[in-house]
There are 2 protein chains.
Amino acid sequence: MDTPLPGNTKVTRQDWLDAATQILLTDGVERVKILTLANLLNVSRSSFYWYFESREALLTALLDHWIGTNTAALVAHAATQQPTITAAVANVFICFIDERQFNNRLDFAVRDWARRDPSVREVLAQSDEQRLTALAAMFGAHGYTPEDARIRARVLYYMQIGYIDADLQETTQERLEQVAHYIFAFTGQHATQAELDTFRTTVLSFSETG
Amino acid sequence: MDTPLPGNTKVTRQDWLDAATQILLTDGVERVKILTLANLLNVSRSSFYWYFESREALLTALLDHWIGTNTAALVAHAATQQPTITAAVANVFICFIDERQFNNRLDFAVRDWARRDPSVREVLAQSDEQRLTALAAMFGAHGYTPEDARIRARVLYYMQIGYIDADLQETTQERLEQVAHYIFAFTGQHATQAELDTFRTTVLSFSETG
DNA sequence: ACCCGACTAGACATAAGTGTCTAGACAGGT
DNA sequence: ACCTGTCTAGACACTTATGTCTAGTCGGGT
């Protein structure tokens, strides 16, 4: 994904998608230009049209892929049973804390895209609703009232968005120090030291594998 | 700002800036095109070059204006003395809750812009630092330790960003209901009913005048 | 050896964007 | 009446983007 392909390797449809994703992440949709992608792949611009009907088709494919992965990931994490609400929130954080923050920056890029494209906005709204519902259910499973669960889900969800948007250059360690405080904020109770330690190990192992 | 000028009125440099701001808010920097602005002002595209040396000059002017207003606003609100931390947080919320969310969406647009332009990123980083320092000082003034104040400032700040980014279609009333919970999260204590009532009146009067 | 499907390059047409230049409208001071 | 500075329109040159069409390359199956 990060390294452009060597010139001799066969170019695939996925390569175009990867290149497009890369530009989408760093520069936004508006900068996803076919020539740019072709240069990244060391290939002629016109080859693009063998794999995709148009630029629009590429963007649609990109969006479809995003829905399939990013939304499902958070929903799955939120649905995983956890002994305490602290652990549950920590688990959700794991879903979005990793070295590259790949999916999250993509999430942001799509969010920006949605601002100027109504059809994308609709897809995003559905995804938001699914994720919020999953998070609210998570809080609900730990004794919060439906109203309170919904609010806390929103706070958690929107803060994650803002966190990504702020585009911090932090190490995993720095991030972890803050997450301890976040958990306090979201659950209304301090995490125990044991819980924090468990959380640290989990996240760290996650970062290394991802 | 929202209504395009009638054709007979004299076009000013500020009109170009306003039109550009409008597009920046709704569509992002990439869509700030001179022809688009000219059409909004019912004026020839080439007239633009009397007021601005280039498109780049327009964008720079736009950024300068944003710094002058948006950053100063939050810093001023954060520096205002408040009896309790709850009131202080509430006061900061006032700074960003209003019907149109004008400055905040602009803030978001600039944040997006910064992602692809290093010089903008630098300006934004300075602004972020100023605002975070102001918020941290606010928490510090109410007895939080420097470390805790800093973290809470960041949570508050980033959540506001995410809140704007989520681009909710809410009434002021709906927003207020949530803010009560936000305050709880940020201060670690429940707001008293009296404080919430005062907060409601303040925000509502602000919305009406703004 | 050949053929055919997968894939690519390059030439072309078209559109949209920036920026320049020139002629001139229009209002206010003299 | 006429200048002069302010502002504008329209023609032009240039660049960059999308999308089309054609002629081909290249490898695997037969």
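For clarity, every value in this text was computed on a predicted model and none was experimentally measured.

Criteria and cut-off values
- Residues numbered from 1 in each chain as written.
- Chains lettered and ligands numbered in written order.
- Predicted model: local features only at pLDDT ≥ 70, side-chain atom pairs only at ≥ 80, totals over all residues.
- Heavy atoms only, no water.
- Helix = DSSP H or I, 4+ residues; strand = E, 2+ residues; numbered from the N terminus.
- Expected span 1.5 Å × (residues − 1).
- Buried < 20%, exposed > 50% of the residue type's maximum accessible area, 1.4 Å probe, protein only.
- Core = buried A, V, L, I, M, F, W, Y, C linked by side-chain atoms within 4.5 Å.
- Contact = heavy atoms within 4.5 Å.
- Near = heavy atom within 4 Å.
- Polar contact = N/O pair within 3.5 Å; in protein donor to acceptor, adjacent residues only side chain to side chain.
- Nonpolar A, V, L, I, M, F, W, Y, C, P; charged D, E, K, R; others polar.
- Least-squares fit on C-alpha atoms with pLDDT ≥ 70 in both.
- pLDDT = per-residue confidence, 0-100.
- Axes fitted to C-alpha atoms, helices over the stretch in contact; angles between N-to-C directions.
- Parallel < 35°, antiparallel > 145°, perpendicular 65-115°, else oblique.
- Phe/Tyr/Trp six-rings, centres within 6.5 Å; stacked < 30°, edge-to-face > 60°.

Its 12 residues place the ends of helix H5 (residues 85-96) of chain B 17 Å apart at the C-alpha level, agreeing with the 16 Å of an ideal helix rising 1.5 Å per residue. Of all 12 residues in H5(B), 11 are buried, a share of seventy percent or more.

Turning our eyes to something else, we now look at the nonpolar core. Among the nonpolar cores identified, the biggest contains 66 residues, and Leu135(A), Met138(A), Phe139(A), Leu135(B), Met138(B) and Phe139(B) are the most heavily contacted of them. In contact with Met138(A), other than residues within four places in its own chain, are Ala78(A), Ile85(A), Ala88(A), Val89(A), Val92(A) and Leu156(A).

This paragraph deals with the protein's contact with DNA strand D. In the vicinity of DNA strand D lie 16 residues, with Lys33(A), Arg45(A), Ser44(B), Trp50(B) and Tyr51(B) positioned nearest. One nitrogen or oxygen atom from the main chain of Ile34(A) is found 3.2 Å from a phosphate oxygen belonging to DNA strand D. Between DNA strand D and the protein, one listed contact pairs a phosphate oxygen with a backbone N or O atom of Arg55(A) at 2.9 Å. Where the surface near DNA strand D is concerned, the elements lending two or more residues are helix H2 (34-41) of chain A together with helix H3 (48-51) of chain B. Looking at side-chain class alone, the surface near DNA strand D contains seven nonpolar, five polar and four charged residues.

Looking now at the relation of the copies chain B and chain A. Each copy of the sequence occupies a distinct position, and chain B is placed on chain A by a rotation of 180° and an axial shift of 0.0 Å, giving an RMSD of 0.1 Å. Both copies are brought into coincidence by an operation consistent with a two-fold rotation axis. No C-alpha of chain B lies nearer the rotation axis than that of Gly162(B), which sits 1.7 Å from it.

This paragraph deals with the confidence of the model for chain A. Residues and elements named next belong to chain A. For chain A, the average pLDDT comes to 81, and 82% of its residues sit at 70 or higher. Summarising per-element confidence for chain A, the mean pLDDT is lowest in helix H10 (residues 193-209) (64) and highest in helix H3 (residues 48-51) (95). Counting interchain partners and residues more than four positions distant, the pLDDT-below-50 stretch residues 1-8 has nine contacts.

Moving on, we get to the packing of helix H8 (residues 146-166) of chain A against helix H8 (residues 146-166) of chain B. Running from N to C, H8(A) and H8(B) point in directions that differ by 95°, and their axes come no closer than 6 Å. Viewed along their axes, H8(A) and H8(B) adopt a mutual orientation that is roughly perpendicular. In contact with Val155(A), Tyr158(A), Met159(A), Ile161(A), Gly162(A), Tyr163(A), Asp165(A) and Ala166(A) of H8(A), H8(B) contributes Val155(B), Tyr158(B), Met159(B), Ile161(B), Gly162(B), Tyr163(B), Asp165(B) and Ala166(B). Looking at the contact of H8(A) with H8(B) residue by residue, the classes come out as 12 nonpolar, two polar and two charged.

Once that is clear, we can look at the packing of aromatic side chains. Under the criterion given, the structure shown has 14 aromatic pairs over all chains. Relative to Tyr163(B), the ring of Tyr158(A) lies with its centre 5.9 Å away and its plane at 85°, an arrangement referred to as edge-to-face. With Tyr158(A) in helix H8 and Tyr163(B) in helix H8, the pair connects residues from two separate chains. In textbook terms, an aromatic cluster arises when at least three aromatic residues are bridged by ring pairs, as seen for Trp16(A), Phe48(A), Tyr49(A) and Phe52(A).

Neighbouring DNA strand C are 16 residues; Ser44(A), Ser47(A), Trp50(A), Arg45(B) and Arg55(B) lie closest to it. Close to the protein, within 4 Å, the atoms of DNA strand C are drawn from sugar and phosphate at a rate of 61%. A distance of 3.4 Å is found between a phosphate oxygen of DNA strand C and a side-chain nitrogen or oxygen belonging to Ser47(A). Separating a base oxygen of DNA strand C from a side-chain N or O atom of Arg45(B) is a distance of 2.4 Å. Among the secondary structure elements, those contributing two or more residues to the surface near DNA strand C are H3 of chain A together with helix H2 (34-41) of chain B. The residue inventory of the surface near DNA strand C, partitioned by class, reads seven nonpolar, five polar and four charged.

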